[in-house]
Amino acid sequence: MKNLKMLLASALVLGSSVLGSSVVMAHEYHAGELDIAHPWARPLPPVAKVGVAYFTVTNKGDTDDVLLSAESPIADKVEIHTHLKEGDVMKMRQVEDLVIPAHGEQKLAPGGLHLMLMGLKEVPAVDTKFPVTLHFKQAGKVEVEVAVDAEQAVDATSHDHAGHGNADQGDHHSH
């Protein structure tokens, strides 16, 4: 009986550690010299036709890489966008490609760079994930799962980014 209890206790510990690590792993992607951390999106109303996705790409290599394009089965089109301030007005502009510098990173975050998903075919629910394929010049095609995360969205719009490793992103304008 004692062995059975030990076995069950071990299974519970192992199961929880495997489950805990799979949650973390689900938000980290690696391709070539690139690490892609925590792809996420804000929750959207059911009638939304556009969405936005964010993540951080870190380049551990000695040469620049370039995000050339992205696509998702839930959208007609995915573009790389940035926010630019023209006078007193924040405007979005498409970016043709995004350089990830050698030994550097690019943060796609509220108020700055982001993926714009246009012509949504479906609106993903809170706490679900949807696929996005990123196309890099060096690292090639990378499939990621974007988490629809209400908690991350709240944190990103506040100036307290504790636990998320983000610096203050400046103006926080949503779409």
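Just so it is clear, the structure is predicted and the values come from calculations on it, not from any experiment.

**Examining the overall build of the chain**
On a plain count of helices and strands, the chain comes out with 2 helices and 11 strands. Beginning at the N terminus, the succession of helices and strands in the chain can be written as α-β-β-β-β-β-β-β-β-β-β-β-α. Counting all 175 residues of the chain, 38% fall into the buried class. Counting contacts in the chain only where the partners sit at least 6 residues apart, residues at least 24 apart contribute 65% of the total. Accessible surface, the chain: about 9900 Å² in total, of which carbon and sulfur atoms supply 58%.

**Some words on the confidence of the model for the chain**
In this model, the chain carries a mean pLDDT of 80, and residues with pLDDT of at least 70 account for 73%. When the criterion is pLDDT under 50, residues 3-26 qualifies, and its contacts beyond four places in sequence or with other chains add up to 1 contact. This model gives residues 159-175 a pLDDT under 50, and the stretch forms 38 contacts once residues within four places in sequence are excluded.

**Focus on the pairing of strand β1 (residues 28-31)**
Side-chain alternation along β1 places Tyr29 and Ala31 on a buried face and Glu28 and His30 on a face that remains uncovered. Counted along the chain from β1 to the antiparallel partner strand β2 (residues 34-41), the turn is 2 residues long, and its residue Gly32 has a positive phi close to 60°.

**Concerning the nonpolar core**
The biggest cluster of nonpolar side chains holds 31 residues, and the ones touching the most others in it are Ile36, Leu67, Leu115, Leu134 and Phe136. When sequence neighbours within four positions are dropped, the list of residues in contact with Leu115 reads Gly51, Val52, Ala53, Phe55, Leu67, Ala70, Val78, Glu79, Ile80, Leu108, Val132 and Leu134. Trp40, Val52, Met116 and Ala153 belong to the second-largest nonpolar core, a separate cluster that totals 5 residues.

**What to know about the environment of His83**
Position of His83 among the secondary structure elements: in strand β5 (residues 75-86). Accessibility expressed as a relative area gives 12% for His83, which makes it buried. For the pair formed by His83 and Pro110, sequence separation is 27 residues and the distance between their alpha carbons is 9.1 Å.

**Thoughts on the side chain of Asp35**
Structurally, Asp35 can be placed in strand β2. A relative accessible area of 14% places Asp35 in the buried class. Here His30 takes part through its side chain, which lies 2.4 Å from a polar atom of the side chain of Asp35.

**Comments concerning the packing of aromatic side chains**
Counted according to the given criterion, the structure contains 1 aromatic pair. Taken together, a centroid distance of 4.7 Å and an interplanar angle of 40° make the contact between Trp40 and Tyr54 tilted. Of this pair, Trp40 sits in strand β2 while Tyr54 sits in strand β3 (residues 50-59), and the two are 14 residues apart along the sequence. For the residue pair Trp40 and Tyr54, the accessibility class agrees, reading buried in each case.

What counts, and at which threshold
Residues numbered from 1 in each chain as written. Predicted model: local features only at pLDDT ≥ 70, side-chain atom pairs only at ≥ 80, totals over all residues. Heavy atoms only, no water. Helix = DSSP H or I, 4+ residues; strand = E, 2+ residues; numbered from the N terminus. Buried < 20%, exposed > 50% of the residue type's maximum accessible area, 1.4 Å probe, protein only. Contact = heavy atoms within 4.5 Å. Areas by Shrake-Rupley, 256 points an atom, 1.4 Å probe, with all protein chains shown as cover. pLDDT = per-residue confidence, 0-100. Pairing = 2+ DSSP bridges. Core = buried A, V, L, I, M, F, W, Y, C linked by side-chain atoms within 4.5 Å. Polar contact = N/O pair within 3.5 Å; in protein donor to acceptor, adjacent residues only side chain to side chain. Phe/Tyr/Trp six-rings, centres within 6.5 Å; stacked < 30°, edge-to-face > 60°.

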